[in-house]
Structure formats: structure tokens, C-alpha cells
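# Structure assessment
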Amino acid sequence: MESQLSGRLRADKPSLSYADNSVAGTETCAEAHASPISITRVAETAVVPRGLVVRSAEEARAAVEELGNNSLLSAQLIKRNVSLAEQEAAGLVARSPEQAAHLASTLLRATTDSGVVAKELYISQPATYDEVWYLAMTIDRETYQPVIIVSKHGGQDIRAIAQQHPASIRTYHFSLTAGVPASLTERIAADLGVADAATSLGATLAALHRIFREKEGMLLEVRSLARSGDRFTCLDSRFAFDDDAHKRQADLFALRDTEQEVRDEVEAERHGLVYVRMEGTIGNVVNGAGLAMATNDAIGLAGGQSANFLDAGGQATTQTMMQAFSIILRDERVKAILVNIYGGELSGRVEDTLSGLILAGITRCDMIAESIIGAASEMDIHVPMVVRLQGTNSDAGLKLLADANLGLHVESDFGKAAEKAVELANA
């Protein structure tokens, strides 16, 4: 259940994500109460606790004086997953304005594991409730339909729910165009034994659907949906939006804060590369997302683990390779590099027809080899590198690499290249 569910919630590509730790957040991109971004949108029709954004200890003090004691504090960080229970357990409840100032001064100095410092806090009024549910709206990748996911065991990550209470997870498909009809809302409420709360639940679902449709959402998640009698209140949220919508949703993507993102991922994007940091020791350079995923799988089958996903795209030039190698080599975890490139060349006629498309940039393997040689000659490649080329002129390209005397390990077989990279990384 866990792997199936997490697969359905995972987007094909990274997404703009807002994570929130206040009552009712691309990504990507959570959480214990409400964020200024997501809360303002949900609050248009759904119920959320009142909250204020603060940027200093004194502003936090003033906020709690206005909102009242026992207000909840949360750092506004992208991809930050903190449940309501975790927030309360961490002592992020301001019992007084003075305590709010003290907590704020600590939170505004703290850094995440990736070195990000919170610049804003969201302070919200406490909410009373009988129970906390989980509610999400996303795309079911198996049926290609939007789906509502709900569980009465909320206040935590969906993966934890899938592990601990898999039978509690219910899914309901709906039409993106038609929205969530009253009949479906009533069925969900009846299935969960709260028929008298259908009206409030419907308002919450209507708010989520509007954002999901109008803002091209990939995942709208309320991990802490509090129920008190027949009334629902959103205590946190996590919103992820499709990166491909950045031109259509310019106002939304203008909110992006690259200072909270992985530095290497942002730099790679500036150079037309797609880079995603992972947890292993083998750096990868490939051309194409499908080949990147296959390369990660091959490394895993060989007993290794990838340190990154780096797609160099169709233009494998010397400068592209230099930028790719530079980003990978900054990662001290990397013990070996695997370059896995599929090369080809379109005819001039097709190239003219498809000008501007990525396919028109596919390059012959001998030209790719020259780019790799040029980059390796100008850089200090201090870890072993395996290069696997396949496609047009691959034999010529591999010969160029072997004859360059740069200490490169060349291989035409996919599996053997992955095995060699793992062997070198473990040496």
C-alpha cells in the first residue's frame, strides 16, 4: 500500500512546492497550521484559523498579543514536513507573548539540514477539535484521474498512515472539469460516519478543487484536517504545482524563493541542466530523464546508489559537460562518475522541421566524446569516471575517449558500465 500510494503522489518532474506549518503549502511544496500562501487561498471558502506572518521576535510578541495565548508558531520553509503533533511536541506553542518572542528568536536563527534559514514565521490561533483527519487532492497515475484521498488518522505523513493504518485510507475519483459534486461529498461523509458534516467538508473540497484546477496543482495536501462536531478546519497544508505551468501561472511562480532550494539544483537550472540531489556516492551525467532513471536502476542493481540525477539534455557541448562535472564534483560524497549518453543525429530535413525541439539537439557520439575530452582536459577530475556511449558513431566516440589518455574508463555495455562505476566508487 505504501509504495503504491507514494507512487501515485509522486510527480514526474519536480514541482513548485509550498510547505506550511500553520493551520490550513511547488513540489514540490506541509504542515502543522496555516501558511500565508495556502491559507489565504483555502480560506476563501474553507475554514482556517486566523494567523499572521512575522519576521522578528518583536513582531511575534505583537502577533500573540493580538491572536491570544497558546498560538502556534511555524517556520515557513519549502518542503518542510512537520505534523501538528510534532509541532506541539517540539514546544512551538506560545503560552504568552514573551514566550512567542523567545521562540521566534530561536526559529529565525535555526537552519535546516541543507543550510536554509527561515525568514518568516506563521503564527496562528489554536483550534479545538474532536479528531484530526488527513485530506489530499492529487492525480491518480494509474487511472489518469484526479482523486481525493482521505483518512481519519491524520496529523502525520501519508506514508506513516499507509504503514500504520492502511485500511483507513479511502480514495474517491472525480472530474476535474465538473468538480466535486454534492453527491460525492455526501458519500465521503457517510462512509466516514460524519454525515452531518457534509456541508463543511464540501466547502473544504470546493476550495481545494478550485486551487487544483485554476492553479494547475499536482498535490494539495492537508495533513491536519481538524473536525469539531459538524465543522472542519484546515490546520496545515502542502501545495505542489506543475513546473510546466510557470508561464501560465506567473503570479504563483513569482513567489518562488530560490534561497530555500538546493543551490546546485538552482545553478543547474540556470545552465539548462536538470539536477536532483540523491543519497548515494555515484554522480551521473545522462541525456534524457528516461535514461537517467534507467541509469539509477542499473547502479542499484549493481549494488551502488546514485548521488544525483543530472540530465544534460540534447546539447552535450564542452561547456555543458564542464558545468555538469563542476556541479557533481562539488559534492564530497561522490566517489565515481558515470557518464551515460545516447547519441544520434537527425537528418537536415527533419532538423529543419523540428527546429527548437530537444530532438533537434541530439548529437553524434564522436562529438559528445570530444566534449567530454575537452571538459576533462580543462578540469581537475579527481574521481574515476566511466563513460558509456551508445548510438550514432559510438565506436568512434569510445575510441576517442580511450585514446585521450585521461584515465577515463570507457564501456559500450550499459550493465558493465554501471558495475564498473560501482566497483570504482567502492574501491
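Residues numbered from 1 in each chain as written. Predicted model: local features only at pLDDT ≥ 70, side-chain atom pairs only at ≥ 80, totals over all residues. Heavy atoms only, no water.

As annotated in an unreviewed UniProt entry, the protein chain carries the name Succinyl-CoA synthetase beta chain and comes from Cordyceps militaris. Recorded in UniProt under Pathway (unreviewed entry), the annotation for the protein chain is "Carbohydrate metabolism; tricarboxylic acid cycle; succinate from succinyl-CoA (ligase route): step 1/1." (UniProt positions renumbered as here; feature names shortened; annotations may be inferred.)

If you tally the helices and strands in the protein chain, you get 16 helices and 17 strands. Looking at the protein chain as a whole, 50% of its 427 residues are labelled buried. When the accessible surface of the protein chain is totalled, it reaches about 19,200 Å², and 49% of it is carbon and sulfur. (Helix = DSSP H or I, 4+ residues; strand = E, 2+ residues; numbered from the N terminus. Buried < 20%, exposed > 50% of the residue type's maximum accessible area, 1.4 Å probe, protein only. Areas by Shrake-Rupley, 256 points an atom, 1.4 Å probe, with all protein chains shown as cover.)

Relative to the elements of secondary structure, Asp366 occurs in helix α14 (residues 365–378). Between the C-alpha atoms of Asp366 and Asp395, which are 29 residues apart in sequence, the distance is 8.1 Å. If we skip the residues at most four places from it in the chain, Asp366 touches Thr392, Asn393, Ala396, Gly397 and Leu400. Here the side chain of Asp366 touches Arg364 through a polar contact of 3.0 Å, side chain to side chain. (Contact = heavy atoms within 4.5 Å. Polar contact = N/O pair within 3.5 Å; in protein donor to acceptor, adjacent residues only side chain to side chain.)

Turning to helix α15 (residues 394–403), a few remarks are in order. Those residues of α15 that sit buried are Ser394, Gly397, Leu398 and Leu401. Down the axis, α15 shows its buried residues gathered within 95° of arc, on one side only. Residues of α15 that are exposed and point more than 90 degrees away from the buried face comprise Asp395 and Lys399. Structurally, α15 contributes buried residues whose contacts are with α14, β16 (385–391) and β17 (409–411). Asn405 sits one or two positions beyond α15 and adopts a positive phi of about 55°. (Arc of directions from axis to C-beta.)

Most of strand β7 (residues 145–151) is tucked away, with 6 of its 7 residues classed as buried. By the bridge criterion, 7 bridges tie strand β6 (residues 131–140) to β7 in an arrangement that is antiparallel. The residue of β7 that forms the bridge with Met137 is Ile148. Where β6 folds back on β7, the antiparallel hairpin that results is connected by 4 residues, among which Tyr144 adopts a positive phi of roughly 60°. Sheet topology places β7 next to strand β8 (residues 170–173); 4 bridges connect them, and they run antiparallel. Opposite Ile148, over in β8, you have Tyr172 as the bridge partner. (Pairing = 2+ DSSP bridges.)

Formed by 32 residues in total, the largest nonpolar core has its most connected members in Val285, Phe325, Val339, Ile372, Leu389 and Leu401. Where this core is concerned, the elements lending two or more residues are α12 (318–329), β15 (336–343), α14, β16 and α15. No other element matches the 7 residues that α12 contributes to this core. Setting aside its immediate chain neighbours within four residues, Leu401 contacts Ala369, Ile372, Ile373, Val387, Leu389, Leu408 and Val410. Counting residues in each nonpolar core, the second largest holds 30 residues, with Ile148, Leu192, Val194 and Leu220 among its members. (Core = buried A, V, L, I, M, F, W, Y, C linked by side-chain atoms within 4.5 Å.)

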